[in-house]
Amino acid sequence: MLKETGKGTVIQIIVKPNAKENKIEGIDPWRNRLKVSVKAPPVGGKANKELVKFLSRFFGAEVEIIRGETSREKDILVKLKIEEVKRALKF
């Protein structure tokens with residue numbers, strides 16, 4: 001679910017669009033992915049933009065989607081060391 005690279009930490013997530021609020025819900029044990037809800041609908045990239053904005057604020061670092069632009073299952077790159085990501089997620 002978390003993997004450190006030369007550019008930062010890759011997090012495997014699953015996104016739930018059209019939620020009541022933006023939040024990190026925990027871990028999906030079946031998919032071994034972090035569950036993240038976003039308020040935006042999955043239309044025209046709105047949910048992706050909302051996801052990147054929300055996670056950038058949450059981690060206090062640059063975030064980009066590196067795989068899964070059109071899927072609910074995404075890999076995101078957080079430009080922080082893995083220890084800092086774990087601390088922010090309270091792992």
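Residue numbers here run from 1 along each chain, matching the order of that chain's written sequence. Only residues with pLDDT of 70 or above have their local features reported here, since the model is predicted, and side-chain atom pairs are shown and tallied only from 80 upward, although totals for entire chains, interfaces and linings are computed over all residues. Only hydrogens and water are set aside; all other atoms, that is, all heavy atoms of the structure, feed into the side-chain values.

Caption draft 1: Seen up close, the side chain of arginine 33. Numbering of helices and strands runs from the N terminus, with a helix taken as a DSSP run of H or I at least four residues long and a strand as a DSSP run of E at least two residues long. Here arginine 33 is to be found in strand 4 (residues 33-37). The rule is simple: take the accessible area with a 1.4 Å probe, protein chains only, and divide by the maximum for that residue type; under 20% is buried, over 50% is exposed, in between is partly exposed. By relative accessible area, arginine 33 is classed as buried at 7%. Think of a polar contact as two N or O atoms within 3.5 Å of one another; within protein, one of them needs to be a possible hydrogen donor and the other a possible acceptor, and neighboring residues in sequence only count if both atoms come from side chains. Engagement of the side chain of arginine 33 in a polar contact is seen with the backbone oxygen of lysine 74, the distance being 3.1 Å. A polar atom in the side chain of arginine 33 sits 3.4 Å from the side chain of aspartate 75. By the convention used here, residues are in contact when the closest approach between their heavy atoms is within 4.5 Å. What arginine 33 contacts, discounting residues up to four positions off in sequence, is Met1, Gln12, Ile13, Ile14, Gly26, Ile27, Asp28, Arg67, Glu73, Lys74 and Asp75.

Caption draft 2: Quick look at the pairing of strand 4. Counting buried positions over the five residues of strand 4 gives four, a clear majority of the element. Across four bridges, the pairing between strand 2 (residues 9-16) and strand 4 is parallel. Following the sheet pairing, lysine 16 is matched in strand 4 by serine 37. Whether two strands pair depends on DSSP finding at least two bridges between them. Pairing between strand 3 (residues 23-28) and strand 4: five bridges, direction antiparallel.

Caption draft 3: Geometry of the packing of aromatic side chains. Any two rings among Phe, Tyr and Trp, with Trp reduced to its six-membered ring, count as a pair given centres within 6.5 Å; such a pair is stacked if its planes are under 30 degrees apart, edge-to-face if over 60, and tilted if neither. Scanning all chains against the criterion turns up two aromatic pairs. Judged by centre distance (6.3 Å) and plane angle (40 degrees), the rings of phenylalanine 54 and phenylalanine 58 are tilted. Remark: phenylalanine 58 and phenylalanine 54 occur in helix 1 (residues 46-59); sequence separation between them is four residues, near one turn of the helix. For phenylalanine 54, a relative accessible area of 15% puts it in the buried group. Judged by centre distance (5.0 Å) and plane angle (90 degrees), the rings of phenylalanine 58 and phenylalanine 59 are edge-to-face. Exposure remark for phenylalanine 58: the relative accessible area of 35% places this residue in the partly exposed category.

Caption draft 4: Structural view of unusual backbone geometry. You will see that asparagine 18, though not glycine, has its phi angle at about 60 degrees, which is positive. By the secondary structure assignment, asparagine 18 is in the loop between strand 2 and strand 3. In this model, asparagine 32 sits at a positive phi of 50 degrees, which is unusual for a non-glycine residue. Assignment of secondary structure puts asparagine 32 in the loop between strand 3 and strand 4. Residue asparagine 32 is classed as partly exposed on the basis of its relative accessible area, which comes to 41%.

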